[in-house]
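Here is what each chain is made of, one letter per residue.
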Amino acid sequence: MNAEVAIEDGSPADRRRRKVREAIIDAAESIFSAEGEEGISMRRLAEAIDYSPAAIYKYFSSKHELFTAIREMFFERLLARIHMALEEGGDVPGLTERCVRAYIEVGIEEPNHYMMAFSPASVREQHEHWEGDVSFQAESKLVEMIEEGMKEGVFRKVDPRVASKSVWASLHGLTMLMVSLNDFPNGMPGSEHVTREEVLDFHAKMMIRGLMP
């Protein structure tokens, strides 16, 4: 499943606790995939992993807390993928395009996790970002690349925070379409030949061109 947590470290009790957390998250993903957010309850999760509801509350005090943890885990993996893209090196436009593609690819690889990460249960409460927050770090990397591009003269002068929000909104929109619509992008008559890879490639290049002078 998608809950990738190293279980080798810590005491036996710590390892058991991490395993149970992973089992709860995996069960939540399975139920979410079949029934959506409304199908998830602490009782359903307890039944799925053969625990009592009271035991589930020892790990997550509410459904919102569960969905928030899933969202954070998604951004941890996204940030790791972005770091991998940056390690490849190259010019700023190329690096930025690879990071744009990485975001969408992570969503496509983990569609249920992605949809849960941005479900109403995950984001309905105001979330205060802080510097250690992984979603904050992910955006900071994008802002840094935009600023570096402006410094090198390959990106036009813009407010990097405004640009990063626009890029993310565009990325999120395409990713959500790809993970939630089985027939996107080739479902409409006349579009049967269109592939996801072609759309992803065009979209990534289009956003980078939008940052150029």
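Residues numbered from 1 in each chain as written. Predicted model: local features only at pLDDT ≥ 70, side-chain atom pairs only at ≥ 80, totals over all residues. Heavy atoms only, no water.

Go over the nonpolar core with me, naming the residues and quoting the values.
Judged by nonpolar contacts, the single largest core of 36 residues is most densely connected at F74, F75, L78, Y103, I104, F118 and L171. At the level of elements, α4 (63–87), α5 (92–109), α6 (111–117), α8 (134–152), α9 (160–180) and α10 (196–211) are the ones that each hand at least two residues to this core. Broken down by element, the residue count for this core peaks at seven residues, all from α5. Ranked by size, the runner-up nonpolar core spans 21 residues in total, among them I40, F60, F67 and M116. (Core = buried A, V, L, I, M, F, W, Y, C linked by side-chain atoms within 4.5 Å. Buried < 20%, exposed > 50% of the residue type's maximum accessible area, 1.4 Å probe, protein only. Helix = DSSP H or I, 4+ residues; strand = E, 2+ residues; numbered from the N terminus.)

Outline the packing of α8 against α9, supporting the account with residue identities and numerical values.
Helix-helix packing is described using two parameters, namely the angle between the two axes and the distance between the axes. Direction vectors running N to C along α8 and α9 enclose 120°, while the axes themselves pass 9 Å from each other. The angle between the axes of α8 and α9 places the two elements in the oblique class. As α8 packs across α9, the resulting crossing turns out to be right-handed. Across the interface between the two elements, E139, L142, V143, I146, E147 and M150 of α8 pack against P160, R161, A163, S164, K165 and V167 of α9. Looking at the contact of α8 with α9 residue by residue, the classes come out as seven nonpolar, one polar and four charged. (Axes fitted to C-alpha atoms, helices over the stretch in contact; angles between N-to-C directions. Parallel < 35°, antiparallel > 145°, perpendicular 65-115°, else oblique. Left-handed = near helix turned anticlockwise from the far one by under 90°. Contact = heavy atoms within 4.5 Å. Nonpolar A, V, L, I, M, F, W, Y, C, P; charged D, E, K, R; others polar.)

Lay out α4 with the relevant residues and their values.
Here α4 is 25 residues long and its end C-alpha atoms lie 37 Å apart, about the 36 Å a rise of 1.5 Å per residue gives. G89, located one to two residues past α4, shows a positive phi value of around 75°. (Expected span 1.5 Å × (residues − 1).)

Which residues make up the packing of aromatic side chains, and what values do they have?
Scanning the model with the defined rule gives nine aromatic pairs in all. An angle of 75° between the planes, with centres 6.0 Å apart, marks the rings of F75 and F118 as edge-to-face. Placement of the pair is F75 in helix α4 and F118 in the loop between α6 and α7 (120–123), with a sequence separation of 43 residues. Each member of the pair, F75 as well as F118, carries the same accessibility label: buried. Here the aromatic residues F74, F75, Y103, Y114, F118 and W168 are joined through ring pairs into a cluster of three or more. Just above the ring of F202 sits the side chain of R209; from NZ or CZ to the centre is 5.9 Å. (Phe/Tyr/Trp six-rings, centres within 6.5 Å; stacked < 30°, edge-to-face > 60°. Lys NZ or Arg CZ within 6 Å of the ring centre and 35° of its normal.)

With reference to specific residues and values, describe the confidence of the model for the protein chain.
Summary statistics for the protein chain give a mean pLDDT of 85 and a share of 90% for residues scoring 70 or more. The low-confidence segment residues 1–7, where pLDDT is below 50, has 20 contacts with residues more than four positions distant or belonging to other chains. (pLDDT = per-residue confidence, 0-100.)

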